[in-house]
Amino acid sequence: MDATAFPTDDAELRAVLSGHYGDHSLAPGRASFGMHAMLIRHHINGASFVVGGSARLAETATDVITSAGEPS
């Protein structure tokens, strides 16, 4: 099923249901409904994210690596 073929004529509902398509980097017309459903299920089950974004993840990793020092 084409992801833009949600079984509704309500344009606002279709927009809401299409809101997560950026999470898997495909336009709604190119992503499968199954892929979208799995992604939404992941979010419903408590998806996580890095507080501060991916840059914060890199900063933290750099701090840990730097504090470990050079190998002896």
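(A) Focus on the overall build of the chain. A tally of helices and strands in the chain yields three helices and zero strands. What you see in the chain, going N to C, is helices and strands ordered as α-α-α. The proportion of buried residues among the 72 residues of the chain is 11%. Contacts spanning at least 24 positions in sequence make up 33% of the contacts within the chain whose residues lie at least 6 apart. Looking at the chain as shown, the accessible area adds up to about 5600 Å², and 60% of this sits on carbon and sulfur atoms.

(B) Structural detail: the pattern of salt bridges. In the structure shown here, the tally under the stated rule is one salt bridge. Of the charged contacts, one joins Glu59 and Arg56 as a salt bridge, the two residues approaching to 3.3 Å between their closest N and O atoms. Of this pair, Glu59 and Arg56 both sit in helix α3 (residues 53–68), three residues apart, which is roughly one turn of the helix. Using a relative accessible area of 42% as the deciding quantity, one classes Glu59 as partly exposed.

(C) Representation of α3 within the structure. Between the first and last C-alpha of α3 there are 24 Å, a value that for 16 residues agrees with the 22 Å anticipated at 1.5 Å per step. Looking at the residues trailing α3, positive phi occurs at Gly69, about 75 degrees.

(D) Seen up close, helix α2 (residues 33–44). Between its first and last C-alpha, α2 extends 16 Å over 12 residues, near the 16 Å set by a 1.5 Å rise per residue. Just downstream of α2, Gly46 is the residue with a positive phi angle, here 100 degrees.

(E) Representation of the confidence of the model for the chain in the model. Residue-level pLDDT values for the chain average 77, and 89% of them are 70 or greater. Predicted confidence in the chain is weakest over helix α1 (residues 11–17), with a mean pLDDT of 78, and strongest over α3, with 87.

(F) Structural context of the environment of His20. As for its position among the elements, His20 is in the loop between α1 and α2. Other than its neighbours up to four places away in sequence, His20 contacts His36, Leu39, Ile40 and His43.

(G) How the structure looks around a nonpolar patch on the surface. On the surface, Leu13, Val16 and Leu17 cluster together into a nonpolar patch covering about 240 Å² of accessible area. By the secondary structure assignment, Leu13 is in helix α1. According to the relative accessible area criterion, Leu13 is partly exposed, its value standing at 37%.

What counts and what doesn't
Residues numbered from 1 in each chain as written. Predicted model: local features only at pLDDT ≥ 70, side-chain atom pairs only at ≥ 80, totals over all residues. Heavy atoms only, no water. Helix = DSSP H or I, 4+ residues; strand = E, 2+ residues; numbered from the N terminus. Buried < 20%, exposed > 50% of the residue type's maximum accessible area, 1.4 Å probe, protein only. Contact = heavy atoms within 4.5 Å. Areas by Shrake-Rupley, 256 points an atom, 1.4 Å probe, with all protein chains shown as cover. Salt bridge = Lys/Arg side-chain N within 4 Å of Asp/Glu carboxyl O. Expected span 1.5 Å × (residues − 1). pLDDT = per-residue confidence, 0-100. Patch = residues over 30% accessible without salt bridge, like charges linked within 9 Å, V, L, I, M, F, W, Y side chains within 5 Å.

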